[in-house]
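Below are the chains, spelled out letter by letter.
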Amino acid sequence: MSRGRQRPVPSLPNDGVVRIFREKGSRGGKTVTVVRGLPRRELDAVAADLKRLCGAGGSAKNGAVEIQGDHRDKVAARLTGQGYQVKLAGG
């Protein structure tokens, strides 16, 4: 198994809906919460807020926010409270 390979980013419709995924593959068996569909100018601020909320590490890269661990419910509640239209997607 080669490390450092990027998974292809699924194409998402440009409908203004923020989608929250739980991903595990290509991450050494670790679960990550991935938020896609946010405006690019807000990625860093949202990533910092969600990392603080979840008490976990993470980053903003490739147009997505990644938070270590399975925090989909917390993230969805926070983003909904901030006025985003949110949909839980994936596994």
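Before reading further, recall that the structure is shown in the block above.
Attention here is on the structure that accompanies the text. If you're wondering where the values come from, they're calculated on a predicted model, not measured in any experiment.

1. Focus: the packing of aromatic side chains
Part 1 of the argument: Tallying each qualifying case throughout the model produces 0 aromatic pairs.
Part 2 of the argument: One Lys or Arg, R36, reaches over the ring of F21 and ends 5.0 Å from the middle of that ring.

2. Some points on helix α2 (residues 72–81)
Part 1 of the argument: The complete set of buried residues in α2 reads R72, V75, A76 and L79. Down the axis of α2, the buried side of the element spans an arc of 100 degrees, and every buried residue falls inside it. Across α2 from its buried face, at more than 90 degrees, point the exposed residues D73, A77 and G81.
Part 2 of the argument: Just past α2, the residue G83 takes up positive phi, approximately 95 degrees.

3. Considerations on helix α1 (residues 43–54)
An α-helical turn contains 3.6 residues, so a residue and the one three or four places further along point in the same direction.
Part 1 of the argument: Taking 1.5 Å of rise per residue, the 12 residues of α1 would be expected to cover 16 Å, and the 16 Å separating its terminal C-alpha atoms lies within 8% of that figure.
Part 2 of the argument: Taken as a whole, α1 has its buried residues at L43, V46, A47, D49, L50 and C54. Looking straight down α1, one finds that the buried residues subtend no more than 165 degrees of arc, so they occupy a single side. In α1, the exposed positions angled more than 90 degrees off the buried face are occupied by D44, A45 and R52.

4. Regarding unusual backbone geometry
Part 1 of the argument: Even without a glycine there, the phi angle at N62 is positive, about 55 degrees.
Part 2 of the argument: Checked against the element boundaries, N62 lands in the loop between β3 (58–61) and β4 (64–68).

Rules used in this analysis
- Residues numbered from 1 in each chain as written.
- Predicted model: local features only at pLDDT ≥ 70, side-chain atom pairs only at ≥ 80, totals over all residues.
- Heavy atoms only, no water.
- Phe/Tyr/Trp six-rings, centres within 6.5 Å; stacked < 30°, edge-to-face > 60°.
- Lys NZ or Arg CZ within 6 Å of the ring centre and 35° of its normal.
- Buried < 20%, exposed > 50% of the residue type's maximum accessible area, 1.4 Å probe, protein only.
- Helix = DSSP H or I, 4+ residues; strand = E, 2+ residues; numbered from the N terminus.
- Arc of directions from axis to C-beta.
- Expected span 1.5 Å × (residues − 1).

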